[in-house]
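# Structure at a glance
Each chain, letter by letter, is given below.
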Amino acid sequence: MKTTADKWGFRPEQSGTIDLENGNYELWWRLVGKVPGIQACMFCGSCASTCTAQAEGMNFRKVQLMLRRGMNQSLRQLTAHCMLCGKCTLVCPRDVDTRSAIYNLKLLLHESL
Amino acid sequence: MSPYEHPLFVMPFMAGALFLGIYLPLIFARWLKNTSYNHLKIILVNLFSARTWSAIREVVSESLLHRRIFRFNKKLGYMHMSLAFGWFLLIVVGKFQTMLFTHDGLNQFYLPIFLKYFYPDGIPHTFEGIFFLTLMDLLLLFVLSGVALAWIKRLRSRFLGMKRTTKHILPDRLALAFLWLIFPFRWLAESVTAGIYDSGGFFTLYSGKALASILPLDLLFMPSWWAYSVALGGFFVLLPFSRYMHIFSEVGLIFLKHWGLKTGDRDNGYADFEINSCSRCGICTNVCQLSADAGIHHSQAVYFLKDMRYGTPDRATLENCFLCGRCSRECPVDIGIDYLRLKQRKQEVNAAAPPVPFRSNGSPASKCPDVLYFAGCMSHLTPSVIQAVRNVLSVAGVKFSMLDENGGICCGRPALQAGFADQAKAVIAHTREMIIRSGAKRVLVSCPICFKVLNEDYHLPVPVMHHSVYFNSLMVEHPGLFRRNSLRMSYHDPCDLGRGSGIYNQPREIISRIGHLVSSRHEREESLCCGGSLANLAISPAQRHIVTEAAYEHLTSKSPDYLITSCPLCKKTFSAGKREIAVLDISEVVELSMVQENTSGKVENPVRSVSRKDAKAPSLTIP
């Protein structure tokens, strides 16, 4: 169905749409239980810009967004590219253990399969 | 009293010994049951070779004399030796002493253990009689001194060089209680007997006389022998379920090791021997920086091995470890702790990270001239290291190209250490392909993490060199290029380069050639971890920071001009925060010596003089 938004030049991507009705924080809170530090993230993007798996599409900021939206299937594809090199953790200005977060996220996603 | 009456009090001892005699062969057979035909063949080939002799030598030096514990602390070594070697001698000498009375070796099994009960008078007037009485009393004193030290260790462990002792589980505590009672009860029983019969050696005779003056010895005679027998029997029954299982499994482990079996192979039972050989002596908890600095006391090797033995370790125990190798190195039983932990991690989490295909398929456009430089992820966070390496290579006239000019290439070791073995395998295959396609004659790496995995898992047809080793040989080839200065430098051995790959001398040779090497207490094999290790997946950033600060304080305690390391991750970790003493990579030190004339000694900004344009190397383009 065509909507009014389709007539515009800037069509919002699905992943960029915030749908608070369908927000699913379940996985997010489970991950917070494992790595409480991720709540300190301020989305500065240092991690994403230094990422070794950047070319493969890996982006920790995106991971954080997807987590809050409960997009578990997309998360699975995205985090699969992380090689756990740990550069993101070393550059984080908020001392977030991003590496441990992705490691635990991979395990949580695997458990929920 | 005739020895053939079988008095009732020997029964607890006999029951315990019988239980042990049946249980031990059964459990050993169970561990060895899974041994494959190939492993059996390896064992058979080596069974009748010099390896068996070297195994026997190690059994004497480690299971009895405990030489490796002496290396850690002399008093602790004496404690372990007196209990193990002393007890062993008591049994052997006791057997010979018994033969004086029975005139043959085929006497009752329990006779040497309770000899004084059966022959309370002894034969004090012959040379052999006096000799054995004195010797046995000396040995008893020897063992008792060990027991006394063990008691002291429980109360004040620092007296024996232990900052902390292991938290024991119930079977260990019970077995310990019985073990601690065995020799005091033996002493009591022999003293009471000596006091009644006015016999015995220099030690038991006088302790017996002293006891006789305050106690009614006749009433104590049977109870003391009963107590000794019950303590022995109880210890034997508890032994297989407690840490004292190591007494026997360690012997098996040493033989299997010498016969050619390798650590971590669960299918040949070697791992079972390893896990059961841990005596929970606690030396690993004392050298662990997590315990000493960060207040983490649940994940050390001893607890990991304990959990492995009685079930499966939980993830908190498994993940909270730097894999720095300090405990493996100090372990008196030589258990492959890191290997076992890695294996277990793989078993637990491997399925969560299936290998994924790479979008970018590495295919270098240009052929690599001679040296292929692989900086690694961590060096990209410390660009000064990459610049220094390029500078040195350019000035020395080495033709090189860079594999990861734009980053994006991982060696695979971080995933491997986390336990994601399948994913790591895919990463390794991908990177290996790129290296081989470049046609390089030699691979130069800056990061010890990459260096270790390139050496061990890549199986490359060309040599892999760490820049500290390569630059050391460059300095020998081109001595004219480098100038000496008066800087005092302290060197930090990175875990994966030092303990992991055995490279200790080359970086030190470079430093000694350029300036003055300041030694520190924990160096070479005993080097500390910087706290940045990627292998730990559970430590909090704050705890990590404490470990780093402690290591930095230690390395800079002699106030050198620079703290030198050979690892970009160590440099990055140490550099975090305000530092009075700057941290440099060994490549930066080499670069520094090439370009600066040092009259003042200390150079403020060392890596900034050669024109960077000249040093720019042609890079491989990987679409």
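No experiment lies behind these values; they were computed from the predicted model shown.

Attention now goes to the sheet that holds strand β7 (residues 562-565) of chain B. Residues and elements named next belong to chain B. An order of β6-β5-β7-β8 is seen for the 4 strands of this open sheet, with the pairing classed as parallel. Only two strands of the sheet have a single partner each, and these edge strands are β6 (516-518) and β8 (582-585). Geometrically, the sheet is characterised by an average inter-axis angle of 40 degrees between neighbouring strands, direction not taken into account. Inspection of the sheet shows strand β5 (residues 488-492) paired to β7 by 4 bridges, in the parallel sense. Residue Met489 lies in a different strand from β7, and its bridge partner there is Tyr562. Helix α26 (residues 541-555) rests against β5, β7 and β8 of the sheet, and its axis sits at about 140 degrees to β5.

Below, the discussion takes up the interface of chain A and chain B. In this assembly, 26 residues from chain A lie in contact with 31 residues from chain B. For the pair chain A and chain B, the summed buried surface comes to about 2500 Å²; carbon and sulfur atoms form 60% of the total. Taken together, the links from chain A to chain B amount to 1 salt bridge. The partner of A:Glu111 in a salt bridge is B:Arg315, with the nearest N and O atoms 4.0 Å apart. When contributions to the side of chain A that touches chain B are tallied by element, the ones reaching two or more residues are α5 (87-91) and α6 (98-111) of chain A. Looking at the side of chain A that touches chain B element by element, the count peaks at 8 residues for α6(A). Taken together, the residues of the side of chain A that touches chain B break down into 10 nonpolar, 8 polar and 8 charged.

All names here are of chain A. Compared with the 20 Å implied by 1.5 Å per residue over 14 residues, the 20 Å span of α6 between its first and last C-alpha is a close match. Most of α6 sits inside the fold, with 12 of its 14 residues counted as buried. Buried residues of α6: Thr98, Arg99, Ser100, Ala101, Ile102, Tyr103, Asn104, Leu105, Lys106, Leu107, Leu108 and Leu109, and no others.

Right, let's talk about the nonpolar core for a bit. Residue and element names in this part refer to chain B. In this structure, Phe114, Ile182, Phe183, Leu232 and Phe235 are the most contacted members of the largest nonpolar core, which totals 85 residues. Residue assignment places this core across two domains, with domain 1 (8-247) and domain 2 (256-347) each supplying three or more. Counting residues in hydrophobic clusters, the runner-up holds 73 residues, among them Val371, Val443, Leu454 and Tyr458.

Here we take up the environment of B:Lys558. Residues and elements named next belong to chain B. Tracing the backbone shows Lys558 in the loop between α26 and β7. For Lys558 and Thr431, which are 127 residues apart along the polypeptide, the C-alpha to C-alpha distance reads 42 Å. Setting aside its immediate chain neighbours within four residues, Lys558 contacts Arg488, Val518 and Ser519.

We now examine the state of the cysteines. Within this structure, the stated rule accounts for 0 disulfides over all chains. The closest cysteine sulfur to the non-disulfide-bonded A:Cys82 is located on A:Cys88, 6.3 Å from its own sulfur. Classification of A:Cys82 as buried rests on a relative accessible area of 10%. Summary of cysteine pairing: B:Cys495 is not part of a disulfide, and the nearest cysteine sulfur, belonging to B:Cys529, is at 4.0 Å.

The parts lose accessible area when they come together, and the size of an interface is often stated as this lost area. Its domain assignment divides chain B into domain 1 (8-247), domain 2 (256-347), domain 3 (371-469) and domain 4 (480-620). Just the C-alpha atoms count here: the centres of domain 1 of chain B and domain 3 of chain B sit 55 Å apart.

Quick look at helix α11 (residues 246-258) of chain B now. All names here are of chain B. The end-to-end C-alpha separation of α11 is 17 Å, in line with the 18 Å expected for 13 residues at 1.5 Å each. Taken as a whole, α11 has its buried residues at His246, Ser249, Glu250, Gly252, Leu253, Ile254, Phe255, Leu256 and His258. Next to the buried residues of α11 lie α1 (11-32), α2 (37-47), α3 (50-64) and α12 (270-276). Downstream of α11 by one or two residues, Gly260 has phi in the positive range, about 110 degrees.

With that out of the way, let us pick up the packing of helix α24 (residues 467-477) of chain B against helix α25 (residues 505-514) of chain B. All names here are of chain B. Interaxial distance between α24 and α25 falls to 8 Å at its minimum, and their mutual angle equals 45 degrees. In terms of axis orientation, α24 runs oblique to α25. The two elements α24 and α25 meet at a crossing, and its hand is left-handed. In contact with Ser468, Val469, Phe471, Asn472, Met475 and Val476 of α24, α25 contributes Gln506, Pro507, Glu509, Ile510, Arg513 and Ile514. Taken together, the residues of the contact of α24 with α25 break down into 7 nonpolar, 3 polar and 2 charged.

Let us look at the side chain of B:Lys571. All names here are of chain B. Residue position: Lys571 is located in helix α27 (residues 568-575). A polar contact is formed between the side chain of Lys571 and the side chain of Glu588, at a distance of 3.1 Å. Setting aside chain neighbours within four positions, we find Lys571 in contact with Thr382, Ser384, Val385, Thr565, Val583, Leu584, Asp585 and Glu588.

On to the pairing of strand β1 (residues 371-374) of chain B, then. Residues and elements named next belong to chain B. Side chains Val371 and Tyr373 of β1 all project onto a buried face; the interleaved residues Leu372 and Phe374 project onto the opposite face, where all are buried too. Where β1 and strand β2 (residues 400-402) come together, 3 bridges link them in parallel fashion. Of the residues in β2, the one forming a bridge with Leu372 is Ser401. Pairing analysis gives 4 bridges linking β1 to strand β3 (residues 442-445), with the strands arranged parallel.

Our next topic: the sheet that holds β1(B). Residue and element names in this part refer to chain B. Read from one edge to the other, the open sheet built from 4 strands follows the order β2-β1-β3-β4, with strand pairing classed as parallel. Since the sheet does not close on itself, it has two edges, and those belong to β2 and β4 (464-466), each with one partner. Strand after strand, the sheet turns through a mean of 30 degrees between neighbouring axes, direction not considered. Against the sheet, helix α23 (residues 448-456) touches β1, β3 and β4, its axis set at about 160 degrees to β4. On the sheet, α24 packs against β1, β3 and β4 and is oriented at approximately 85 degrees with respect to β4.

What follows concerns the pattern of salt bridges. As enumerated under the stated definition, the model contains 22 salt bridges over all chains in all. In this structure, the salt-bridge partner of A:Glu111 is A:Arg30, at a minimum N-O distance of 3.6 Å. Of the two residues, A:Glu111 sits in helix α6 while A:Arg30 sits in helix α1 (residues 26-34), which places them 81 residues apart along the sequence. Among the ionic pairs, B:Arg315 bridges to B:Glu319, the shortest N-O distance being 2.6 Å.

Conventions we followed
- Residues numbered from 1 in each chain as written.
- Chains lettered and ligands numbered in written order.
- Predicted model: local features only at pLDDT ≥ 70, side-chain atom pairs only at ≥ 80, totals over all residues.
- Heavy atoms only, no water.
- Pairing = 2+ DSSP bridges.
- Helix = DSSP H or I, 4+ residues; strand = E, 2+ residues; numbered from the N terminus.
- Axes fitted to C-alpha atoms, helices over the stretch in contact; angles between N-to-C directions.
- Contact = heavy atoms within 4.5 Å.
- Buried area = accessible area lost by both parts, 1.4 Å probe.
- Salt bridge = Lys/Arg side-chain N within 4 Å of Asp/Glu carboxyl O.
- Nonpolar A, V, L, I, M, F, W, Y, C, P; charged D, E, K, R; others polar.
- Expected span 1.5 Å × (residues − 1).
- Buried < 20%, exposed > 50% of the residue type's maximum accessible area, 1.4 Å probe, protein only.
- Core = buried A, V, L, I, M, F, W, Y, C linked by side-chain atoms within 4.5 Å.
- Domains from an automatic or database assignment.
- Disulfide = S-S within 2.5 Å.
- Parallel < 35°, antiparallel > 145°, perpendicular 65-115°, else oblique.
- Left-handed = near helix turned anticlockwise from the far one by under 90°.
- Polar contact = N/O pair within 3.5 Å; in protein donor to acceptor, adjacent residues only side chain to side chain.

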